[in-house]
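Chains, contacts and geometry: an overview
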Amino acid sequence: MEPLPLQVETKRKLHVLSYASTKKRSDYLWAYIMIAPTMIGLFVFYLWPMLQTFYFSFTEWGAFGTYEWIGLKNYTRMLSDVNLLQSFKNTGIYILFTVPLGIFLSILVAVLLNQKIKGTTIYRTLYFLPVITMPAAIAMVWKWLYNSDFGLLNYLLSFIGIEGPQWLTNPNIALYSIIAVAIWSGIGYNMVIFLSGLQGIPKTYYEAAEMDGAGPVTMFFKITLPLLSPVIFFVSIMSLIGAFQFFDLIFMMISKSSTALENTQSIVYLFYQHAFVLNDKGYAAAIAVLLLVVILIITVIQMALQKKWVHYD
Amino acid sequence: MRKGLIVLLSFVLGVFGLLAGCSDSSSGESKDGEVEISYGFWDKKQVPAIEEIIKQFNEEHPDIKVKTELIPYGQYFQKLETAATGGALPDVLWMNGPHIVQYAEGKVLLPLSDLAEKDDYSLDNYPESLIDLYTVNDEVYGIPKDYDTTGLWYNKKIFDEAGVPYPDDTWDWDMLKESAKKLTNKDKGVWGFAAVMGNQGGYYDLIWQNGGHVISEDGKSVGFDQPVAIEALKYNISFIEEGMSPTQAQMNETAASDLFSSGKIAMMFDGPWMVPEYKKNPDLDVAVLPKGKQRAVSIHGLSNVIAANTKHKEAAWEFVKFLGSKEAAEVFAETGTVIPAFNGTQDAWLNSVPELNLQAYIDGAEYSNPLPSVKNTGAIWQHETDILKKAWAGEESVEKVVKELADKANKELEE
């Protein structure tokens, strides 16, 4: 994670470095040796598989590592793949809800927990707990809560005379049920990043604003939000990428024999199906490449738009 | 720009984090004439039995050291595929029916027919359908280890309360349906039968009982769209339609086996692997499946196979022979985990839970059909789940879904 509020500091350090431009060559050599383990790891476990994935997306996979070059066939096949289209739609809905709502709620929680109230540490811990909980455990617990016949949620609803729906098996509702869990479990993680961002905002700004008679709402919109914008930008890029790779909750919570699966499966879920269930790794690689391209485009757009709303200083 | 680079890098790393694979190598070393072979399997519950068997094996063959490699089932075949690609399969390993053809035709397994013939090793000691299951292109690739068939489990308490006689071998489809109707009690929240959507111990068994087939003998087409199969599927789904079974959605939310063991369901089909669970409830017992036009039940079992590129063929074969022996089968039976495949050693398994009528499972072996196995069984199963569920959920007609299923499955068979 990049500590953005330290930006100014780093720039100053770089400046000092350039003064000492007569650094010995051996210093650089040592620096490279120091980062070599990480770089080698990155190359072997990320960059190389990435290139291979790209290559395999042009092949048809047979049993036990045999493959055959088929050119663009995997990509043309995508054009008529109804499931792929549906999974893009599902992922889109998922992103549309989890990213803005998740960011909004975590800023809200972060601002609230940044106040001087009793037991802040306890609240912070409580909000962070879902992050350190295994996704599988979260999925199992929510599956019980959501159970339409024996779950707590519908039991509570029955008190106010509402017959709760089948949260996870009704094709029209299942995706939203999962979105709710995803937002709930993601708040804590973003909250911690926002908290550190909030604490990087100098108190003097608020004091000055108070002198000028600004209320808390004005201060939030005129000081907190603009100064938090680099962190919001960072979090929105990371959550968007995370949302595109959404997989575990669907895998755990939606049964394969449920008709809700088609309406909930994400792109990565489809990738998993093709790669590891159907043993169709060539097509799966093509899906992964497509996903990469889509995320790349969206990230570039986000980078371009940041000039309009992100304030660094 | 630096900022951009970091963001860009983090997203690239993020995306491809999910592609990280792993491989493991395993090969034997020999020192002072001692040979080490590795044995790959997935079931943790069977570790004590396997260790005991290795101990007995070493009494006869002190020079062959066996190293066990436990790989959880969830990763087993993924890992095997990677290992097979890199030529690093364990020397001896467990194999199941759905994968045998893929592995045998992929030439990563050693054919055993010649070895068996040379050593006069009899394959008649195992149920024939299991030998058939592991025979690919007339070559036997696996020595059967254990097997499972399907039984009709029932809750005696619900039967007594409804005054319905317990199921026995005279039952047929009509009797099952009639009894389910009498046993269903909406007020108490009790269903007569669980029409689970499952192939082994589910619609496969019913299709066979109705005289149909799942995959044709020439292996070129599926039989789901035949009238007898449609009739069998409709019979299965009718329990849901007529309110005698929980709906598909309900069974997705709460597993039918959980509903059954907590007394919400009077009858269901299930395999012997549920014995440890169901024996906890003294109201439950098991009978043979009811008959349709004929008696039929699916059978599946594991076998021990040898990797084609093992460096210690002789040692691996000695170990596989021992794993398939009567002594080894008895060890498995006594620990109560599986029905051993070696004919005549099943008594010890029967006695492991004497209060249950486990004989039902062994009776089934006589008229059992092996689970069909083709090169891409996994893909066909996937289509079955994806497509048949629409009929189970009542969204589409059986006639419509079987047509779609047959089209897709036949295409897989062509490949």
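Since this is a predicted model, take the numbers as computed values, not measurements.

**Considering the confidence of the model for chain A**
- When pLDDT is averaged along chain A, the result is 87, and 92% of the positions lie at 70 or above.
- With pLDDT under 50 throughout, residues 1-9 of chain A is counted as low confidence; its partners more than four residues away or in other chains account for 14 contacts.

**Some details on the packing of helix H6 (residues 135-146) of chain A against helix H8 (residues 174-199) of chain A**
All names here are of chain A.
- Two numbers describe how H6 lies on H8: the axes approach to 11 Å, and their chain directions differ by 135 degrees. The angle between the axes of H6 and H8 places the two elements in the oblique class. Between H6 and H8 lies a crossing whose hand is right-handed. Each of Ile138, Trp142 and Tyr146 in H6 lies in contact with H8, whose residues at this interface are Ser177, Ala180, Val181, Trp184 and Ser185.
- Along the lines of polarity and charge, the residues of the contact of H6 with H8 split into 6 nonpolar, 2 polar and no charged.

**Brief notes about the sheet that holds strand S11 (residues 265-270) of chain B**
Residue and element names in this part refer to chain B.
- Here 4 strands make up an open sheet; going across it, the order is S10-S11-S9-S12 and the pairing mixed. Each edge of the open sheet is held by one strand with a lone partner, namely strand S10 (191-193) and strand S12 (284-287). Geometrically, the sheet is characterised by an average inter-axis angle of 25 degrees between neighbouring strands, direction not taken into account.
- The pairing of S10 with S11 spans 2 bridges and is parallel.

**As for helix H19 (residues 398-414) of chain B**
Residue and element names in this part refer to chain B.
- The terminal C-alpha atoms of H19, which comprises 17 residues, lie 24 Å apart, in line with the 24 Å expected from a rise of 1.5 Å per residue.
- Along H19, the residues that are buried comprise Val398, Val401, Val402, Leu405, Ala406, Ala409, Asn410, Glu412 and Leu413. Buried residues in H19, looked at end-on, bunch into an arc of 155 degrees, giving them a common side. Of the residues in H19, the exposed ones pointing more than 90 degrees away from the buried face are Lys400, Lys403, Lys411 and Glu414.

**Re the packing of aromatic side chains**
- Here the structure, examined in full by the defined rule, presents 52 aromatic pairs over all chains.
- For the ring pair B:Trp153 and B:Tyr278, a centre distance of 4.8 Å and an interplane angle of 70 degrees mean the geometry is edge-to-face. Taken as a pair, B:Trp153 in strand S9 (residues 151-155) and B:Tyr278 in helix H13 (residues 275-278) lie far apart in primary sequence, 125 residues in all. Comparing B:Trp153 with B:Tyr278, the two get one shared label, buried.
- Plain terms: the ring middles of B:Tyr235 and B:Phe239 are 5.2 Å apart, the flat faces sit at 80 degrees to each other, and that makes the pair edge-to-face. Here the residue B:Tyr235 and the residue B:Phe239 both occupy positions in helix H10 (residues 227-241), the gap between them amounting to 4 residues, near one helical turn.
- The buried category is assigned to B:Tyr235, whose relative accessible area is 11%.
- These aromatic residues form a ring-pair network of at least three members: B:Tyr39, B:Phe41, B:Trp42, B:Phe57, B:Tyr73, B:Tyr76, B:Phe77, B:Trp94, B:Tyr103, B:Phe319 and B:Phe322.
- For A:Arg77, the ring lying beneath its charged end belongs to A:Tyr283, and the centroid distance is 3.7 Å.
- One residue, B:Lys177, lies across the ring of B:Phe239, its end atom 5.5 Å from the ring centre.

**Considerations on the nonpolar core**
- Counting 141 residues, the largest nonpolar core has B:Met95 and B:Met267 as its most contacted members.
- Looking at this core element by element, the count peaks at 8 residues for H10(B).
- When neighbours within four sequence positions are excluded, B:Met95 is seen to be in contact with B:Phe77, B:Leu80, B:Ile100, B:Tyr103, B:Leu109, B:Tyr134, B:Gly301, B:Leu302, B:Ser303 and B:Val305.
- Judged by nonpolar contacts, the second largest core, of 74 residues, contains A:Leu168, A:Ile187, A:Leu195 and A:Ile287.

**Concerning the pattern of salt bridges**
All names here are of chain B.
- In the structure shown here, the tally under the stated rule is 15 salt bridges over all chains.
- Put simply, lysine 280 and glutamate 277 hold a salt bridge, and the shortest N to O gap is 3.4 Å.
- Owing to a relative accessible area of 36%, glutamate 277 belongs among the partly exposed residues under this scheme.
- Glutamate 318 is the salt-bridge partner of lysine 321, the closest N and O atoms lying 3.4 Å from each other. Taken together, the residues span about one helical turn, with lysine 321 and glutamate 318 both in helix H14 (residues 313-323) at a distance of 3 residues.
- It is possible to trace a salt-bridge network through shared partners that takes in Asp119, Glu318 and Lys321.

What counts and what doesn't
Residues numbered from 1 in each chain as written. Chains lettered and ligands numbered in written order. Predicted model: local features only at pLDDT ≥ 70, side-chain atom pairs only at ≥ 80, totals over all residues. Heavy atoms only, no water. pLDDT = per-residue confidence, 0-100. Contact = heavy atoms within 4.5 Å. Axes fitted to C-alpha atoms, helices over the stretch in contact; angles between N-to-C directions. Helix = DSSP H or I, 4+ residues; strand = E, 2+ residues; numbered from the N terminus. Parallel < 35°, antiparallel > 145°, perpendicular 65-115°, else oblique. Left-handed = near helix turned anticlockwise from the far one by under 90°. Nonpolar A, V, L, I, M, F, W, Y, C, P; charged D, E, K, R; others polar. Pairing = 2+ DSSP bridges. Expected span 1.5 Å × (residues − 1). Buried < 20%, exposed > 50% of the residue type's maximum accessible area, 1.4 Å probe, protein only. Arc of directions from axis to C-beta. Phe/Tyr/Trp six-rings, centres within 6.5 Å; stacked < 30°, edge-to-face > 60°. Lys NZ or Arg CZ within 6 Å of the ring centre and 35° of its normal. Core = buried A, V, L, I, M, F, W, Y, C linked by side-chain atoms within 4.5 Å. Salt bridge = Lys/Arg side-chain N within 4 Å of Asp/Glu carboxyl O.

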